[in-house]
Amino acid sequence: MMAIANSLEADRCFLYVRDPKTRFGQVASCYCRNPEVPYISKDKWQQEPADLLARDPMFQAALNCHSSIYVEDVETANPQQVNRDFEAEAFGHRALIHAHVCEQGQLWGVLQPSVFNHPRQWTTKDRQVIETVLGKITSIVKQYVQENINLGE
């Protein structure tokens, strides 16, 4: 996470992993480049909230294994794509990448670099970094989930 955050000059980067069959997930790793932003602690495996899809259109896109989403400004983003209130309440960031870790039509995780306090224009280089990282971590994330899921116990 540190290398990704540093490369993208993001304030925070975390990886949420999930089992597509059980819909249990956890934050597996988080790094804050900016010590003033909230750290997301690794938590126990938990069932995804029943209302998550209704509240988070980006997660719906991720479940459908759509392309990663690059949000330059949560405040002005298309409300069909970004629920501004949900993002403010749950994460507090201003700009983010919602990178979908998918394999064979299944969502195994979301990589989320983000910037706080100001908008951020994501460059072609930033997008290339994310696509390269996704190509390298997808099988690792899947293996991690399969070896470590304990259904919230």
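Calculation criteria
- Residues numbered from 1 in each chain as written.
- Predicted model: local features only at pLDDT ≥ 70, side-chain atom pairs only at ≥ 80, totals over all residues.
- Heavy atoms only, no water.
- Helix = DSSP H or I, 4+ residues; strand = E, 2+ residues; numbered from the N terminus.
- Buried < 20%, exposed > 50% of the residue type's maximum accessible area, 1.4 Å probe, protein only.
- Contact = heavy atoms within 4.5 Å.
- Phe/Tyr/Trp six-rings, centres within 6.5 Å; stacked < 30°, edge-to-face > 60°.
- Lys NZ or Arg CZ within 6 Å of the ring centre and 35° of its normal.
- Pairing = 2+ DSSP bridges.
- Axes fitted to C-alpha atoms, helices over the stretch in contact; angles between N-to-C directions.

Draft legend 1. Quick look at unusual backbone geometry. The phi dihedral of Arg23 is positive, around 60 degrees, even though this residue is not glycine. In this structure, Cys65 takes a positive phi of about 55 degrees despite not being glycine. Structurally, Cys65 can be placed in the loop between helix H3 (57-63) and strand E4 (69-71). Classification of Cys65 as partly exposed rests on a relative accessible area of 25%.

Draft legend 2. Layout of the environment of Val82. Checked against the element boundaries, Val82 lands in the loop between E4 and helix H4 (84-90). The exposure class assigned to Val82 is buried, which follows from its relative accessible area of 3%. Distance from Val82 to Ala99, taken between C-alpha atoms, is 14 Å for residues 17 residues apart in sequence. Residue contacts for Val82: discarding those within four places in its chain leaves Pro57, Met58, Val71, Val74, Ala77 and Glu87.

Draft legend 3. Spatial organisation of the packing of aromatic side chains. A full pass over the atoms with the stated rule returns four aromatic pairs. Aromatic side chains Tyr16 and Phe59 sit 6.5 Å apart centroid to centroid with 70 degrees between the ring planes, which places their arrangement in the edge-to-face category. Linking Tyr16 in strand E1 (residues 12-18) with Phe59 in helix H3, this pair joins segments that are 43 residues apart in sequence. Judged by relative accessible area, Tyr16 falls into the buried class, the value being 16%. Here the aromatic residues Phe14, Phe86 and Phe91 are joined through ring pairs into a cluster of three or more. Sitting over the face of the ring of Tyr70, Arg127 holds its NZ or CZ atom 4.2 Å from the ring centroid.

Draft legend 4. View of the sheet that holds strand E2 (residues 24-32). Overall, antiparallel pairing links the six strands, which are arranged E3-E2-E1-E6-E5-E4 in an open sheet. Edge positions in the open sheet fall to strand E3 (46-47) and E4, since each of these has one partner strand only. Direction of pairing for E1 relative to strand E6 (residues 106-115): antiparallel, over a ladder of six bridges. Looking at E6, one finds that Val17 is bridged to Gly109. Of the strands in this sheet, E1, E2, E4, strand E5 (95-103) and E6 touch helix H5 (residues 124-148), which is tilted by about 50 degrees from E5.

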